[in-house]
Amino acid sequence: MFFVNARAIVEREREGKTEIIIQTRNKPNEPKQLELPGGRVEQFESLLTALRREVKEETGLNVTSIEGEDTRIDTNWINPNIVVECVRPFTAYQTIKGGIDSVGYYFICRVEGELLKEGDQTKNPRWVSVDEVVERMHNDPL
């Protein structure tokens, strides 16, 4: 099985520092680990639609803007029965070794609303400084 994911780097500026949202994965039979909001794209679902849906389900927040969204084009003008979405993500990844074969696209986003304490298969979504994330990646990468 092959999965496609859309993930959000949700940013805000606070007290002169950039913060992002991280959360703890809370899925049955999977290790508890830190992750960014987002998840699987459903069959024939737009990447941007999936991103907005996943952020809402996991954090309770509404995505107000997605960096690169203004580059979006689709091909429905060629053949209305076949539509291909083209959009520029911030970055992309592909699993090349491991248990789950997947690719994913990360988008930088802005949001509004109240952050949940627990979301869909996630716990403790929270704002942390980018400096804290970088430090944690160097000192405790898991």
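Quick summary incoming for the structure in this document. Being a predicted model, the structure only gives us computed values, none of them experimental.

What follows is about the overall build of the chain. If you tally the helices and strands in the chain, you get two helices and eleven strands. Helices (α) and strands (β) of the chain occur, in sequence order from the N terminus, as β-β-β-β-α-β-β-β-β-β-β-β-α. By the compact-globule yardstick of 14 Å for 142 residues, the chain fits well, its C-alpha radius of gyration being 16 Å. With respect to the principal axes defined by its C-alpha atoms, the chain has extents near 50 × 35 × 25 Å. When burial is assessed residue by residue, the chain has 35% of its 142 residues classed as buried. Excluding contacts between residues fewer than 6 apart, the proportion of contacts in the chain whose partners are at least 24 apart in sequence is 60%.

Attention now moves to the pattern of salt bridges. Where side chains of opposite charge bring their charged atoms close, a pairing between them can arise. Within the structure shown, the criterion is met by eleven salt bridges. Between Glu-11 and Arg-110 there is a salt bridge, with its nearest N and O atoms 3.8 Å apart. With Glu-11 in strand 1 (residues 2–14) and Arg-110 in strand 9 (residues 101–112), the pair connects residues that are 99 residues apart, well separated along the chain. In this structure, Arg-25 engages Glu-35 in a salt bridge whose closest nitrogen and oxygen atoms are separated by 3.2 Å. Separated by ten residues along the polypeptide, Arg-25 in strand 2 (residues 17–25) and Glu-35 in strand 3 (residues 34–35) bring together distant segments of the chain. Judged on exposure class, the residue Arg-25 and its partner Glu-35 are both buried. Among the charged side chains, a network of salt bridges with common partners joins Glu-42, Glu-45, Arg-53, Glu-54 and Glu-57.

Bringing the pairing of strand 9 into the picture now. Within a regular strand, the side chains alternate between the two sheet faces. Relative to strand 9, strand 1 is paired through nine bridges, and the arrangement is parallel. Residue pairing in the sheet places Ala-8 in a bridge with Phe-107 of strand 9. In this sheet, strand 9 lies alongside strand 5 (residues 62–66) in antiparallel orientation, the contact comprising four bridges. Bridged to Ser-65 within strand 9 is Arg-110. With four bridges joining them, strand 8 (residues 91–94) and strand 9 adopt antiparallel strand pairing. Of the residues in strand 9, the one forming a bridge with Ala-92 is Tyr-105. Where strand 8 folds back onto strand 9 in an antiparallel hairpin, the turn is made up of six residues, including Gly-98, whose phi is positive at roughly 140°.

Conventions we followed
- Residues numbered from 1 in each chain as written.
- Predicted model: local features only at pLDDT ≥ 70, side-chain atom pairs only at ≥ 80, totals over all residues.
- Heavy atoms only, no water.
- Helix = DSSP H or I, 4+ residues; strand = E, 2+ residues; numbered from the N terminus.
- Rg over C-alpha atoms; globule rule 2.2 N^0.38 Å.
- Buried < 20%, exposed > 50% of the residue type's maximum accessible area, 1.4 Å probe, protein only.
- Contact = heavy atoms within 4.5 Å.
- Salt bridge = Lys/Arg side-chain N within 4 Å of Asp/Glu carboxyl O.
- Pairing = 2+ DSSP bridges.

Shape is all these values report; function is a separate question.
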